[in-house]
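Each chain, written out:
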Amino acid sequence: MSATFGGRSARQSKLSQWLRGRRPKEAADDGGREALLLASAAAGLPLAPAAHPVSGYRCSCDRVGCPTPGRHPVSFAWQTQSTTDRGQIERWARHQPDANFITATGMVHDVLDVPVQAGREALERLLGNGVEVGPVAESDDGRMLFFTLTRGTPEDEDEWWPCELDCRPETMDEHPGLRWHCRGSYVLVPPARLPGDDDERMRWVRGPEHALPDPLSLLEVLTDACARHAEAEAEAEHAGTTWPPRH
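Predicted, not measured: the structure shown is a model, and the values here were computed from it.

Peer 1: How do you make sense of helix α4 (residues 86-95) when you look at a structure like this?
Peer 2: Side chains three or four residues apart in an α-helix point the same way, a direct result of the helix having 3.6 residues per turn. The complete set of buried residues in α4 reads Ile89, Glu90, Trp92 and Ala93. Viewed end-on, α4 has its buried residues packed into an arc of 165°, placing them on one side of the element. The backbone nitrogen of Gly87 lies 3.3 Å from a side-chain oxygen of the residue at the head of α4, namely Asp85.

Peer 1: Explanation requested: the pairing of strand β11 (residues 201-206) in the structure shown.
Peer 2: Each regular strand shows side chains that alternate between the opposite faces of the sheet. Of all 6 residues that make up β11, 5 are buried, and the element is covered over most of its length. Strand direction decides the pairing type here: strand β6 (residues 136-139) and β11, joined by 4 bridges, are antiparallel. Bridge pairing in β11 links Ser139 to Met202. In this sheet, β11 lies alongside strand β10 (residues 192-193) in antiparallel orientation, the contact comprising 2 bridges. If you follow Arg193 over to β11, its bridge partner there is Arg201.

Peer 1: For this particular structure, what's the right way to read the packing of aromatic side chains?
Peer 2: Applying the stated criterion across every chain yields a total of 3 aromatic pairs. With 6.4 Å between their ring centres and 50° between their planes, Trp92 and Phe101 make a pair best called tilted. Residue Trp92 shares its accessibility class with Phe101, and that shared class is buried. With centroids separated by 5.2 Å and ring planes inclined at 55°, the aromatic side chains of Phe147 and Trp204 adopt a geometry described as tilted. Taken together, the positions of Phe147 in strand β7 (residues 143-149) and Trp204 in strand β11 put the pair 57 residues apart, joining distant regions of the chain. For Phe147, a relative accessible area of 0% gives the class buried.

Peer 1: Sorry if this is basic, but what is going on with the confidence of the model for the chain here?
Peer 2: Interpretation of this model should avoid reading the predicted coordinates in detail wherever pLDDT is low. Of all residues in the chain, 72% attain a pLDDT of 70 or more, and the chain-wide mean is 80. Note on residues 1-31: pLDDT under 50 across the span, and 48 contacts to partners over four residues away in sequence or across chains.

Peer 1: Whenever I open this one, the environment of Pro195 confuses me. Can you help?
Peer 2: On the secondary structure map, Pro195 appears in the loop between β10 and β11. On the basis of relative accessible area, Pro195 is assigned to the buried category, the value being 14%. Taking the C-alpha atoms as reference, Pro195 lies 6.5 Å from Pro69; in sequence the two are 126 residues apart. Excluding residues within four positions of it along the chain, Pro195 makes contact with Pro53, Gly56, Tyr57, Pro69, Arg71 and Glu200.

Peer 1: Hey, could you run me through the pattern of salt bridges in this one?
Peer 2: Side chains that differ in sign of charge can pair as their charged atoms come close. What the rule picks out here adds up to 10 salt bridges. Here Glu90 ties to Arg94 by a salt bridge, and the two come within 3.9 Å at their closest N and O atoms. Of this pair, Glu90 and Arg94 both sit in helix α4, 4 residues apart, which is roughly one turn of that helix. On the basis of relative accessible area, Glu90 is assigned to the buried category, the value being 9%. Its relative accessible area of 43% is what places Arg94 among the partly exposed residues. Between Arg203 and Asp140 there is a salt bridge, with the nearest N and O atoms lying 2.8 Å from each other. Taken as a pair, Arg203 in strand β11 and Asp140 in the loop between β6 and β7 lie far apart in primary sequence, 63 residues in all. Under the relative-accessibility criterion, Arg203 is labelled buried at 14%.

Peer 1: It is not clear to me how unusual backbone geometry should be interpreted in this structure. Could you clarify?
Peer 2: Among all residues save glycine, negative phi is the norm, and among peptide bonds the norm is trans. Of the consecutive residues Pro190 and Pro191, the connecting peptide bond is found in the cis state with omega at -5°. Considering the arrangement of structural elements, one finds Pro191 in the loop between β9 (186-189) and β10.

Thresholds, definitions, all that
- Residues numbered from 1 in each chain as written.
- Predicted model: local features only at pLDDT ≥ 70, side-chain atom pairs only at ≥ 80, totals over all residues.
- Heavy atoms only, no water.
- Buried < 20%, exposed > 50% of the residue type's maximum accessible area, 1.4 Å probe, protein only.
- Helix = DSSP H or I, 4+ residues; strand = E, 2+ residues; numbered from the N terminus.
- Arc of directions from axis to C-beta.
- Polar contact = N/O pair within 3.5 Å; in protein donor to acceptor, adjacent residues only side chain to side chain.
- Pairing = 2+ DSSP bridges.
- Phe/Tyr/Trp six-rings, centres within 6.5 Å; stacked < 30°, edge-to-face > 60°.
- pLDDT = per-residue confidence, 0-100.
- Contact = heavy atoms within 4.5 Å.
- Salt bridge = Lys/Arg side-chain N within 4 Å of Asp/Glu carboxyl O.

Next comes the structure, spelled out in structure tokens:
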């Protein structure tokens, strides 16, 4: 891919189709991957390279028994390394062709991270009510990410909290409901490959070209949807069935 988006109508067409959800798997090819990363950076999402899955469930990092294979940054300095600089992201993408990428939250944006069934319900409700939703990503492992403006760092630090008070990126299984990724956290950005035996990935449902909304405009609907999802799961477990139903 060239250093500019000029003179690449075919690739633009592929990207726009992917962002509309028509051909999500094609984002994994070389041109689509780099274009999607640059689109995220152009929208203001600071990116940094991340590990990637190897042979199913193993991680590309050197850590034995990595608890979050393919989901964590490759550098401990990921917060200061994260950037929207086009040239740097192009170099990373080309020199690390298998790498996933993370975006650091709490700088420009936060992420409200919910179970996918709850997220789909909430998204339909929000759009039906005319709420400006913003970018939304969905992963094949059952999570939906709503990208929002960050609440920032107020003058009074007592009015704010780091993400560790809600969750840490490595505590996914401990927070089955809503997780608010803010200062000190990160999430994967599409296109990302997930660990597993199948070709599981993360994709945009609504692309990064959508403006970031105020998180509080989404929070009530997302919280209600998560509560209904948890209640349905509990009822299904009591009845000895699964939720959501498998077809």
